[in-house]
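Remarks on the overall topology
These are the residues of each chain, in order.
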Amino acid sequence: SLHDALPILLPLLLVVLMANINTFFTQFDRLVLGAFTNNDMVAYYVLPQSISGTINSLLMSFTAVLIPRLSNILNNFGREEYLKMLRITFKEFIYILLPISIGLFVVSDKVIVLYGGIQYVNSISTMKVFSIYLFTLGLEFIFTNQIIYLFQGERILIKIITSAAITNLLLDLILVKFKKIGRAHV
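Here the structure is a predicted model, which means the values were calculated and not measured.

One non-glycine residue with positive phi stands out, namely glutamine 152, at about 50 degrees. Tracing the backbone through its elements, the reader meets glutamine 152 in the loop between helix H7 (124-148) and helix H8 (154-177). For glutamine 152, a relative accessible area of 62% puts it in the exposed group.

Scanning the entire structure with this criterion turns up five aromatic pairs. Considering the side-chain rings of tyrosine 44 and tyrosine 120, the 6.1 Å spacing of their centres and the 90 degrees angle between planes classify their relative orientation as edge-to-face. Highlighted residues: tyrosine 44 in helix H3 (residues 39-64) and tyrosine 120 in the loop between helix H6 (108-116) and H7, separated in sequence by 76 residues. Residue tyrosine 44 is classed as buried on the basis of its relative accessible area of 14%. Ring geometry for tyrosine 45 and phenylalanine 130: centres 5.3 Å apart, planes at 65 degrees, overall edge-to-face. In this pair, tyrosine 45 sits in helix H3 while phenylalanine 130 sits in helix H7, placing the two residues 85 residues apart along the sequence. Its relative accessible area of 13% is what places tyrosine 45 among the buried residues. Looking at phenylalanine 130, the relative accessible area reads 6%, which means it is buried.

Bringing the environment of valine 15 into the picture now. As for its placement among the helices and strands, valine 15 is situated in helix H1 (residues 2-19). You can call valine 15 partly exposed: its relative accessible area is 40%. With 134 residues separating them in the primary sequence, valine 15 and tyrosine 149 have C-alpha atoms 9.6 Å apart.

Before going further, it helps to examine the pattern of salt bridges. Here the structure, examined in full by the defined rule, presents two salt bridges. The closest approach of N and O atoms between glutamate 81 and lysine 84, which form a salt bridge, is 3.1 Å. Taken together, the residues glutamate 81 and lysine 84, both in helix H5 (residues 79-106) and three residues apart, mark about one turn of the helix. Accessibility expressed as a relative area gives 36% for glutamate 81, which makes it partly exposed. Judged by its relative accessible area of 44%, lysine 84 is partly exposed. When the shortest N-O distance is used, the salt bridge between aspartate 109 and lysine 110 registers 3.7 Å.

How each quantity is defined
- Residues numbered from 1 in each chain as written.
- Predicted model: local features only at pLDDT ≥ 70, side-chain atom pairs only at ≥ 80, totals over all residues.
- Heavy atoms only, no water.
- Helix = DSSP H or I, 4+ residues; strand = E, 2+ residues; numbered from the N terminus.
- Buried < 20%, exposed > 50% of the residue type's maximum accessible area, 1.4 Å probe, protein only.
- Phe/Tyr/Trp six-rings, centres within 6.5 Å; stacked < 30°, edge-to-face > 60°.
- Salt bridge = Lys/Arg side-chain N within 4 Å of Asp/Glu carboxyl O.

Everything listed is a geometric property; what it means functionally is a separate question.
Here's what the structure looks like:
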């Protein structure tokens, strides 16, 4: 019955929500951008977002394979061994993530022209922002999946996500209100 399934479904729903929250943010930003600007502006946002999303997916696949191992170490060998392994994997991930983010920032103009063509040069500054965002996404993935989940900190994560969602919404509304995005600004 539904009553019996509820204790299982609610945590699963929560995990699905938290796993897809970044997608929600970028889709919501697209929606706001599409509602208040023209299609060109949406394309200038979507292209860099797509490029950074592809790179992010590759990077996250490398770190996702560590989650079961870290969980195993935490449960079978204790917190100290877990922290040792986390420090090692975090440093190695930063050694990969930081140069990719900086490199993408530096060659944003070339990446945009190569990937989308000369007609997308207006999205170069957005690509630079997404290269910084790529770095923060990597850190968020580590903190969320390799620390917070392993210590059953979902309640803390919900508060963080809720705060971020409200902040994102408020910033979008402020940008529209002060015509930093919108048809008059285009």
